Amino acid sequence: MRKIIAAINLTVDGFCDHTVLSSDEEIHQHYTELLNGADTILYGRITYQLMQYWQTLIKEPSGEKSMDDFARAIDKIPKIVFSHTLKNPEWNSAKLANQSIEEVVLELKQKAGKDILVGSRSLIVQLTNLNLIDEYQLCVHPIIVGKGLPLFEKINDRTVLKLLKTEIFNSGAILLYYKRP
Amino acid sequence: MRRLKLETQVSIDGFIAGNSGNTDWMIWNWGPDWTWDEELQKYHTELTKSADCIFLSRQMAEEGFNAHWQKVTEDPLDTRFSFAKHITDTHKIVFSRTIDRSTQIPGGWDNTEIADGDFVDVVEQVKRKDGKDIIVYGGSTFAATLIKAGLIDEFHLLVNPVALGQGLPIFNTIDIKQNMKLIKAKSYTCGIVLLHYNAN
């Protein structure tokens, strides 16, 4: 069955603020492959609006291959956005969810298809609490920040996972793959 | 110069203990059975043996760090014997302004001195002396103080496959973000990932 994969960047101390985590060419390539291997990505409004930045690179490519490739991959993948306030996602490949996150995920899992990515802190926490994340791909960047948005702050209980493998990037980032036990 | 190494177990989200100081979530609860992941145990023992000085917080001294390891050395067949013997034979420094050698601590003050001066000065002095490296294991407040002052040279984090949500942090006191250099990453059969970073 297709997997629900939580994929997100983290600091060593467990924060996921986009503002402190920068990705290099190699990490962009990694995420491009991840997007190309999936067929849906789920976003909350905040992360979605940050990701809309990549639309500008579709119109005006940066000339940097890994960024432009990533822009094409994120443009292409169907996106489902969970928001109570957004009226129009303003991106052809995106649509607003009209059901709860739980209903959407359970329905997607029943259908045939490739893996489904979850790219927002709020959705990762909600789905963790519903025990619906099959795999976590946590990319830990070599930085400590002290304060910020803690990814797992709002989980209901401690979440015990099973380590699958790790992958090291040249920047010193390490990708930790875990699955639900 | 001697390097100050922090070795500690952490959760995926960077806590070294639960809110009440609980460590029941750790795969390796530092209990008596050290045969469950020999490779990791070997790493831990070798790291400890690279140091000939241990920094302790007052709390760890009062909670019985010395007594605990002395007891293990009474049984040469204990799987922790070699590690414990090294710990008891190693020079230890307790950082505190509130206790002195007349204070009773479990296990007593053998090989253990008290540093009551400015801790930054003391740490820097100790680092300048000849010797092998220095190791510190926690607790959370003490480790956080050393991290904030930029005194830790190497971080050896044993990342458990658990997210806690909340707990005791060690990185929360830093004022500005700090880049680190990944030196080594290794996953062990038990599910722990060792992340060795050097401070930049």
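From a predicted model like this one, the values you see are computed outputs, not experimental measurements.

Reading the values: the criteria
Residues numbered from 1 in each chain as written. Chains lettered and ligands numbered in written order. Predicted model: local features only at pLDDT ≥ 70, side-chain atom pairs only at ≥ 80, totals over all residues. Heavy atoms only, no water. Pairing = 2+ DSSP bridges. Helix = DSSP H or I, 4+ residues; strand = E, 2+ residues; numbered from the N terminus. Contact = heavy atoms within 4.5 Å. Axes fitted to C-alpha atoms, helices over the stretch in contact; angles between N-to-C directions. 1 Å grid on protein atoms, 1.4 Å probe; cavity = no way out; pocket = protein on both sides within 12 Å on 5 of 7 lines; lining within 4 Å. Points joined across faces, edges and corners; volume = space filled by probe spheres on them. Nonpolar A, V, L, I, M, F, W, Y, C, P; charged D, E, K, R; others polar.

Hey, could you go over the sheet that holds strand β6 (residues 133-136) of chain B for me, with residue numbers and the actual values?
Taken in spatial order, the nine strands of this open sheet run β7(A)-β10(B)-β11(B)-β7(B)-β1(B)-β6(B)-β3(B)-β4(B)-β5(B), and their pairing is mixed. The open sheet has two edge strands, β7 (143-144) of chain A together with β5 (112-115) of chain B, and neither has a second partner. The sheet contact formed by strand β1 (residues 4-10) of chain B and strand β7 (residues 154-159) of chain B spans six bridges and is parallel. Bridging from a neighbouring strand, T8(B) pairs with L157(B) of β7(B). With respect to the sheet, helix α5 (residues 119-128) of chain B is in contact with β1, β3 (51-57), β4 (91-95), β5 and β6 of chain B, its orientation differing from that of β4(B) by roughly 165 degrees.

Tell me about the layout of surface pockets, and please be specific about residues and values.
Of the pockets and cavities examined, the largest pocket occupies roughly 800 Å³. If you trace the largest pocket, you find 25 residues lining it, with T23(B), W30(B), M60(B), E63(B) and Y137(B) closest to the centre. Class assignment of the residues belonging to the lining of the largest pocket gives a composition of 10 nonpolar, 13 polar and two charged. Approximately 560 Å³ is the volume attributed to the second largest pocket. As for the second largest pocket, its lining consists of 23 residues, of which N9(A), H18(A), M51(A), W54(A) and F70(A) are closest to the centre. Among the elements of the structure, β1 (4-11), α1 (25-36), β2 (38-44), α2 (45-51) and α4 (65-76) of chain A are those that each provide at least two residues to the lining of the second largest pocket. Ranked by residue count, the leading element in the lining of the second largest pocket is α1(A), at four residues. Taken together, the residues of the lining of the second largest pocket sort by class into 15 nonpolar, seven polar and one charged.

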